[in-house]
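Listed below, chain by chain, are the residues.
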Amino acid sequence: MSRKLEPGRLVAATHNKGKVVELKDLFEPLGFEVVSADQLQLDEPDETELTFEGNALIKARAAAQATGAPALSDDSGLEVTALGGMPGVHTAIWAGEPRDFYKAMEKVERELQAIDAKDRSAKFVSCLAVAWPDGHEMTFRGEILGDLTWPPRGEMGFGYDPVFVPLGHEVTFAELKPAQKHAMSHRAVAFEKLKAALL
Ligand code: IMP
């Protein structure tokens, strides 16, 4: 059954500061007050599913139950073709603890060099999930294709942005202004689907 998301408080069920910034940029112009899981000191649930959709739902459900407000989460990652779709749902984990995304990008590069990969194509995937406190929930998936470059370039964005060159472009996501990235990113594609269904 479809349902609309009424403007008001929306909990961003993530502790990732880069994602919070991007979710605020997307939702605040539409009249939502985006409050992060970090600000509300919510626990981070374990991401035990093998799909982006499954993990996004775990995070959104937990935040909706804990706060009594609708919650939005993003589960996302990088799928590298020559690595059989890895790191995929393990994208954050490849950065170790504490997170070090330079190391994570280096690990991807090492794995590509180890198999002498000619194919450097990859895609970013984002799955947005919305969960309401009464148990209703929906997911939306967006993807963007590109190629991996080495060494990393650019200072903007977050995560693996400095090695990802979106298809049809010469620059990495980290060399694009936020507004340019937001106009084409996997998260933006998922967001457009969410908007069409829920707003
Ligand atoms: P998770 O969704 O919290 O499991 O983490 C996904 C990981 O994918 C993040 O920590 C980032 O490293 C990476 N990722 C997701 N979206 C982006 C993006 O837009 N740019 C760069 N890295 C991203």
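Residues numbered from 1 in each chain as written. Predicted model: local features only at pLDDT ≥ 70, side-chain atom pairs only at ≥ 80, totals over all residues. Heavy atoms only, no water.

(A) Representation of the overall build of the protein in the model. Along its length, the protein carries five helices and six strands. Mapped from its N terminus to its C terminus, the protein presents α and β elements in the order β-α-β-α-β-α-β-β-β-α-α. Relative to the globule expectation of 16 Å for 199 residues, the C-alpha radius of gyration of the protein, 17 Å, shows essentially globular dimensions. A principal-axis box enclosing the C-alpha atoms of the protein has dimensions of 50 × 30 × 30 Å. (Helix = DSSP H or I, 4+ residues; strand = E, 2+ residues; numbered from the N terminus. Rg over C-alpha atoms; globule rule 2.2 N^0.38 Å.)

(B) Region of interest: the sheet that holds strand 3 (residues 71-80). A sheet is described by the order of its strands in space; here six strands give the open sequence 2-1-3-4-5-6, paired in mixed fashion. The open sheet is flanked by strand 2 (33-36) and strand 6 (164-166), the only strands paired with a single partner. The average undirected angle you get between the axes of adjacent strands in this sheet is 35°. Both strand 1 (residues 9-12) and strand 2 contribute to a ladder of four bridges, which runs parallel. Looking at the pairing, A12 lines up with S36 of strand 2. With respect to the sheet, helix 1 (residues 17-27) is in contact with strand 1, strand 2, strand 3 and strand 4 (121-131), its orientation differing from that of strand 3 by roughly 120°. The strands that helix 2 (residues 52-67) touches are strand 1, strand 3, strand 4 and strand 5 (137-148); relative to strand 3, the one it contacts most, it runs at about 160°. (Pairing = 2+ DSSP bridges. Axes fitted to C-alpha atoms, helices over the stretch in contact; angles between N-to-C directions. Contact = heavy atoms within 4.5 Å.)

(C) Focus on the packing of aromatic side chains. Following the criterion strictly, the structure yields seven aromatic pairs and no others. Between F101 and Y160, the aromatic rings sit 5.7 Å apart at their centres with planes inclined by 65°, giving edge-to-face as the arrangement. Residue F101 is found in helix 3 (residues 101-114), and its partner Y160 is found in the loop between strand 5 and strand 6; the two are separated by 59 residues along the sequence. Of the residues examined, F101 reaches a relative accessible area of 26% and is grouped as partly exposed. Between the aromatic rings of F124 and F164, the centroid separation amounts to 4.6 Å while the plane-to-plane angle is 50°, which identifies the pairing as tilted. Of this pair, F124 sits in strand 4 while F164 sits in strand 6, and the two are 40 residues apart along the sequence. Positioned above the aromatic ring of W132 is the side chain of R3, whose terminal nitrogen or guanidinium carbon lies 5.0 Å from the ring centre. Lying over the aromatic face of W94, K107 brings its terminal NZ or CZ to 4.4 Å of the ring centre. (Phe/Tyr/Trp six-rings, centres within 6.5 Å; stacked < 30°, edge-to-face > 60°. Buried < 20%, exposed > 50% of the residue type's maximum accessible area, 1.4 Å probe, protein only. Lys NZ or Arg CZ within 6 Å of the ring centre and 35° of its normal.)

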